[in-house]
Amino acid sequence: MNSVAAPALGKDLLALEDLSPVQITSILDTAEPFKEISERRIKKVPVLRGKTIVNAFFENSTRTRISFEFAEKRLSADTVNISSTGSSVLKGETLVDTARNLEAMRIDMVVMRHGASGAAQFLAERIASSVINAGDGKHEHPTQGLLDLLTIRDHMGRIDGVRVCIVGDVLHSRVARSNIWGLRKLGAEVAVCGPRTLLPRDVETLDVRVFTRIEAAIEWADVLNVLRLQMERMTGGLVPSSREYNRVFGVTQARLNRAPRDVLVLHPGPMNRGVEIDSDVADGPHAVILHQVTNGVAVRMAVLYLLAGGAPELAEAAKRGADA
Amino acid sequence: MTRLPAALYVEPMLPTSRQTLLDSAATEELLRRVARDIVERAGGTTNLVLIGIHRRGVELAEWLGGEIERQERTPIPTGSLDITLYRDDLMSIGPRPVVGETRLPDRGIDDAQVVVVDDVLFTGRTVRAALDELADFGRPRRTLLCVLVDRGGRELPIHADIVGTEVFVSPEARVEVLVPEIDGRFGVDLLPPPSE
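Procedures and definitions
- Residues numbered from 1 in each chain as written.
- Chains lettered and ligands numbered in written order.
- Predicted model: local features only at pLDDT ≥ 70, side-chain atom pairs only at ≥ 80, totals over all residues.
- Heavy atoms only, no water.
- Helix = DSSP H or I, 4+ residues; strand = E, 2+ residues; numbered from the N terminus.
- Buried < 20%, exposed > 50% of the residue type's maximum accessible area, 1.4 Å probe, protein only.
- Contact = heavy atoms within 4.5 Å.
- Salt bridge = Lys/Arg side-chain N within 4 Å of Asp/Glu carboxyl O.
- Arc of directions from axis to C-beta.
- Phe/Tyr/Trp six-rings, centres within 6.5 Å; stacked < 30°, edge-to-face > 60°.
- Pairing = 2+ DSSP bridges.
- Axes fitted to C-alpha atoms, helices over the stretch in contact; angles between N-to-C directions.

Undergrad: Help me understand the environment of Ala176(A), please; the structure alone is not making it clear to me.
TA: All names here are of chain A. By the secondary structure assignment, Ala 176 is in helix 6 (residues 174–185). A residue is classified by how much of its surface remains accessible, and Ala 176, at 1% relative accessible area, is buried. The spatial distance from the C-alpha of Ala 176 to the C-alpha of Asp 160 is 18 Å, given a sequence separation of 16 residues. For Ala 176, the contacting residues outside a window of four places in its chain are Ile 166, Val 170 and Leu 227.

Undergrad: Please clarify how the pattern of salt bridges should be interpreted in this entry.
TA: Any two side chains of opposite charge can pair, on the condition that their charged atoms come close. Residues and elements named next belong to chain A. Tallied over the full model, the rule gives 31 salt bridges over all chains. Between Arg 65 and Glu 69 there is a salt bridge, with the nearest N and O atoms lying 3.3 Å from each other. Of this pair, Arg 65 and Glu 69 both sit in helix 2 (residues 63–74), four residues apart, which is roughly one turn of that helix. On the accessibility criterion, Arg 65 (26% relative accessible area) is partly exposed. Its relative accessible area of 16% is what places Glu 69 among the buried residues. When the shortest N-O distance is used, the salt bridge between Glu 215 and Arg 213 registers 3.7 Å.

Undergrad: Before we go on, may I ask you to explain helix 3 (residues 95–104) of chain A in this structure?
TA: Side chains of residues three or four places apart in an α-helix project in the same direction, reflecting 3.6 residues per turn. All names here are of chain A. Buried within helix 3 we find Leu 95, Val 96, Thr 98, Ala 99, Leu 102 and Glu 103. What you see down the axis of helix 3 is that its buried residues fit within an arc of 160°, all on one side. Lining the buried residues of helix 3 we find strand 1 (52–57), strand 2 (78–83), strand 3 (109–114) and helix 4 (119–124). Where helix 3 terminates, the next one or two residues include Arg 106, which has phi positive at roughly 65°.

Undergrad: How should I be thinking about the packing of aromatic side chains in this particular structure?
TA: Any two aromatic rings considered together are summarised by their centre-to-centre distance and by the angle between their planes. With the rule as written, the count across this model stands at four aromatic pairs over all chains. With 5.6 Å between their ring centres and 50° between their planes, Phe211(A) and Trp220(A) make a pair best called tilted. Note on accessibility: Phe211(A) and Trp220(A) belong to one class, buried. Here Trp63(B) and Phe186(B) contribute two aromatic rings whose centre-to-centre distance is 5.6 Å and whose plane-to-plane angle is 85°, an arrangement assigned as edge-to-face.

Undergrad: What is the right way to read unusual backbone geometry from this model?
TA: Across residues other than glycine, the phi torsion is negative in most instances, and most of the peptide bonds are trans. The omega torsion across Gly269(A) and Pro270(A) is -10°, close enough to zero to call that bond cis. For Pro270(A), the location among the structural elements is in the loop between strand 9 (264–266) and helix 10 (279–282). Omega for the peptide link from His54(B) to Arg55(B) comes to 0°, which places this bond in the cis form. Relative to the elements of secondary structure, Arg55(B) occurs in the loop between strand 3 (48–53) and helix 2 (56–72). Even without a glycine there, the phi angle at Ser76(A) is positive, about 70°.

Undergrad: Before we go on, may I ask you to explain the sheet that holds strand 6 (residues 142–150) of chain B in this structure?
TA: Note: strands within a sheet are paired through backbone hydrogen bonds, in either parallel or antiparallel orientation. All names here are of chain B. One open sheet accounts for six strands, arranged 1-7-6-5-3-4; its pairing is parallel. The sheet is open, and its two edges are formed by strand 1 (7–9) and strand 4 (78–81), each paired on a single side. With strand direction ignored, the average angle separating the axes of adjacent strands in the sheet is 25°. By the bridge criterion, four bridges tie strand 6 to strand 7 (residues 162–168) in an arrangement that is parallel. Bridge assignment links Val 149 to a residue of strand 7, and that residue is Thr 165. Sitting on the sheet, helix 2 touches strand 3, strand 4, strand 5 (113–121) and strand 6, and the angle it makes with strand 3 is about 155°. Contacts from helix 4 (residues 125–135) reach strand 3, strand 4, strand 5 and strand 6, with the element oriented near 155° to strand 5.

Structure follows, in structure tokens:
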């Protein structure tokens, strides 16, 4: 049996901006068979046996952390969780010192969420272990972008040529950035829709269409990726109120009913029901929000698996090797 | 009917180009014999399940299952196993794209007579991985190994219960089983080592 090695991802996964279309597609393709593992009675394969992974979440997260943890455990890795509360970070230790101490205990990978944009890259340049960015400030959240891509591909059958509109608080959203990079690289048409105060000033430079009316966005789009209105970041009068936001930009069933085609609705969670999305949409036939959650585990398994394989020159050698 | 030798001895010299060891007709004849051997070795078709190892073993298992159904007039559940995630060499060769599907029959494998089907038996490492993976799916009453070609060269204490034919070749040479879905026809070929 001859097997072709996967295109190497390198040491880290920091941003979809860094990846080629081939690399992104390879991650999505690798995620496919990993879906089935989570349906097994024994939801575990031994492929990362003996690997130690640290989940360092310096910002609150439930969904992403648990999703990574399931992915790691289903691949048989050993995992440790640290958070900023109750760790030496509170005592004033720097990020690099924390990581170097962990490395001294011989770890293989760090999955990190951090409030500062660029934190993942900063760390990746300073430690030998693989770093997976689980969200850094307003920069990127690559595995969320990947699971959104996988979900769109599952339902639309392709990504190339699909019209995706990202709705809401694009300004504060690393999910939006990862989506825009990933979708553009795979040939989707991308738009953003939201109040001007919540769109980055340079949004046009990302080669995306801009809608300021949700009705126009819904008329154009095949897919809506509805972002959470990050209430904790709504300081300085960015939106008047969540009720006002819902009235003008909320994705409601009435608005979807006027769409010329069936629109697929994604949401990265957690949802503010009645703010950016209405309950009848969230629970309705257009929404694939729980499918995103399921795909999240598969995509993260694929990323962990591909990064754990290590050096590209060795993957090259695998291409040549034949065995039976 | 093609006369099939029990074993094929090939010059220990390395081949310089692709050579046919068994043509399409001879390979099908061999497979029909293997189907009969499976039923004989399993003592019938009760609780018989054929599981092919990805990739070429999958099609062989399906073909053999269909052949046994014709011979014995009873349905034979089949499945497929991709052992990539159970390999022992991921860290030394880098990850492979996991394209294979692992799909077991609806009945499961508990208390079944499971026949693991692969194309070529060489080092035995693939079979080791397959046995590990199967154990995560259930507990068969008995597991048998069926290969179309046994080419020797084991690196683990593993042997096949049902063997189509043995091939004695240089360890560097490659033996390939061809199947219709992937290669357009059945066959067994001998190939030179992969070029650097």
